[in-house]
Amino acid sequence: MNYSIQDIVREVRKALDENEVHASFIEDVYTLSLNAIIEQKIPDAVRSVTEAAPSRLLDGGVAFATTLNWESGTVGKGMGYALLPDDFMRLVIFQMNDWRRPVVTPIEDTDPLYFLQKSKFSGIRGGIDKPICAITTYPTGKVMEFYSCVGGADVTVKVAKYLPFPTIKNGSIDVCRNLYTPVIYYIAGLVSNTYKDKEHGDVLFAIANDYLK
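It should be emphasised that the depicted structure is a prediction, and the values quoted were computed from it without experimental measurement.

Cut-offs used in this document
- Residues numbered from 1 in each chain as written.
- Predicted model: local features only at pLDDT ≥ 70, side-chain atom pairs only at ≥ 80, totals over all residues.
- Heavy atoms only, no water.
- Core = buried A, V, L, I, M, F, W, Y, C linked by side-chain atoms within 4.5 Å.
- Buried < 20%, exposed > 50% of the residue type's maximum accessible area, 1.4 Å probe, protein only.
- Helix = DSSP H or I, 4+ residues; strand = E, 2+ residues; numbered from the N terminus.
- Phe/Tyr/Trp six-rings, centres within 6.5 Å; stacked < 30°, edge-to-face > 60°.
- Salt bridge = Lys/Arg side-chain N within 4 Å of Asp/Glu carboxyl O.
- 1 Å grid on protein atoms, 1.4 Å probe; cavity = no way out; pocket = protein on both sides within 12 Å on 5 of 7 lines; lining within 4 Å.
- Points joined across faces, edges and corners; volume = space filled by probe spheres on them.
- Expected span 1.5 Å × (residues − 1).
- Arc of directions from axis to C-beta.
- Polar contact = N/O pair within 3.5 Å; in protein donor to acceptor, adjacent residues only side chain to side chain.

1. Considering the nonpolar core
Okay, so step 1: Formed by 36 residues in total, the largest nonpolar core has its most connected members in Ile8, Val12, Leu179 and Ile187.
Okay, so step 2: Every element with two or more residues in this core is listed here: α1 (5-18), α2 (31-52), β5 (88-96), α4 (180-194) and α5 (198-210).
Okay, so step 3: Here this core takes 8 residues from α4, the largest share from any one element.

2. Observations regarding the packing of aromatic side chains
The description of an aromatic ring pair uses the distance of the two centres, along with the angle that the planes make with each other.
Okay, so step 1: For the structure on display, the rule yields 13 aromatic pairs.
Okay, so step 2: Ring centres of tyrosine 185 and tyrosine 211 lie 6.1 Å apart, and the angle between their planes is 15°; this geometry places the pair in the stacked category. With tyrosine 185 in helix α4 and tyrosine 211 in the segment after α5, this residue pair connects regions lying 26 residues apart in the sequence.
Okay, so step 3: Here tyrosine 185 falls in the buried class, since its relative accessible area comes to 15%.
Okay, so step 4: Connected via pairs of aromatic rings, a cluster forms that spans Phe64, Trp70, Phe88, Phe94, Trp99, Phe146 and Tyr162.

3. Concerning the pattern of salt bridges
For side chains bearing opposite charge, pairing can occur when the charged atoms are close.
Okay, so step 1: Summed over the entire model, instances satisfying the criterion amount to 7 salt bridges.
Okay, so step 2: For arginine 10, the salt bridge identified is with aspartate 7, shortest N-O distance 2.4 Å. One end of the pair is arginine 10 and the other is aspartate 7, both in helix α1 and 3 residues apart, which spans about a single turn.
Okay, so step 3: On the accessibility criterion, arginine 10 (48% relative accessible area) is partly exposed.
Okay, so step 4: Put simply, lysine 118 and glutamate 145 hold a salt bridge, and the shortest N to O gap is 3.5 Å. Here glutamate 145 lies in strand β8 (residues 141-149) and lysine 118 lies in the loop between α3 (112-116) and β7 (132-138), a separation of 27 residues in the sequence.
Okay, so step 5: Residue glutamate 145 is classed as buried on the basis of its relative accessible area of 1%.

4. Brief notes about the layout of surface pockets
To locate leftover empty space, one rolls a probe as large as a water molecule over the atoms.
Okay, so step 1: Space inside the largest pocket adds up to approximately 280 Å³.
Okay, so step 2: Taken together, 16 residues form the lining of the largest pocket, with Pro164, Phe165, Pro166, Thr167 and Asp174 sitting closest to its centre.
Okay, so step 3: Only α2, β9 (157-164) and β10 (172-174) provide two or more residues apiece to the lining of the largest pocket.
Okay, so step 4: The greatest single-element share of the lining of the largest pocket, amounting to 3 residues, is contributed by β10.

5. What about unusual backbone geometry?
Okay, so step 1: With omega at -15°, the peptide bond leading from tyrosine 147 into serine 148 counts as cis.
Okay, so step 2: Within the element layout of this structure, serine 148 appears in strand β8.
Okay, so step 3: Here the phi dihedral of asparagine 170 falls at roughly 55°; this positive angle occurs in a residue that is not glycine.
Okay, so step 4: When its relative accessible area of 83% is taken as the criterion, asparagine 170 is described as exposed.
Okay, so step 5: Non-glycine residue lysine 196 carries a positive phi angle of around 60°.
Okay, so step 6: With respect to the helices and strands, the residue lysine 196 is situated in the loop between α4 and α5.

6. Observations regarding α1
Helical geometry: 3.6 residues make up each α-helical turn, so side chains three or four residues apart lie on a common side.
Okay, so step 1: The end-to-end C-alpha separation of α1 is 20 Å, in line with the 20 Å expected for 14 residues at 1.5 Å each.
Okay, so step 2: Those residues of α1 lying buried are Ile5, Ile8, Val9, Val12, Arg13, Ala15 and Leu16. Mapping the buried residues of α1 onto a view down its axis gives an arc of 160°, with all of them on the same face. The exposed set on the far side of α1, more than 90 degrees from its buried face, consists of Gln6 and Glu18.
Okay, so step 3: The opening residue of α1, the one whose side-chain oxygen lies 3.2 Å from the backbone nitrogen of glutamine 6, is serine 4.

The structure is reproduced here in structure tokens:
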């Protein structure tokens, strides 16, 4: 969901007020300077909160995996992979149409589970009942491997959504609806730390984290 930067700045100032941070530093700071600092912290806060949030709090996302590649050379059989967009930050959901459930949390190629996916025994690898997605790097760039499919030529992507790195565009920024409040407090924490007020910053970070539980 897109939120106005002006609205976010106003909400962050309110959060700073409620936590008595004004007494520490804001009274000597010009309003325009404070607003500029808040705006500067917005993308970093959105990224940090979104990466830390449980998958149940995510929404929206951008479609990807319009083109698939197959390790076996046979469409719809075995492991496949899709190139990841340059702005890929986090997977929201991925499911092939012959899987019985989707994947919302991919593994990394440093995870011990990743090496099991290369086993010659199909029962060890991810499959239609317990699929697995893995983020790794090929010479062509970042990819997401998915294990595995059995349906053959009729296999297609049922759903594939990801969240891109946050950017401010046309005076607004996209934030998952359930993450808006923790983002506000996280920004306030970053602003407090900018002004060397670690005590209030830690309190604000703690409030943000409470919303993610």
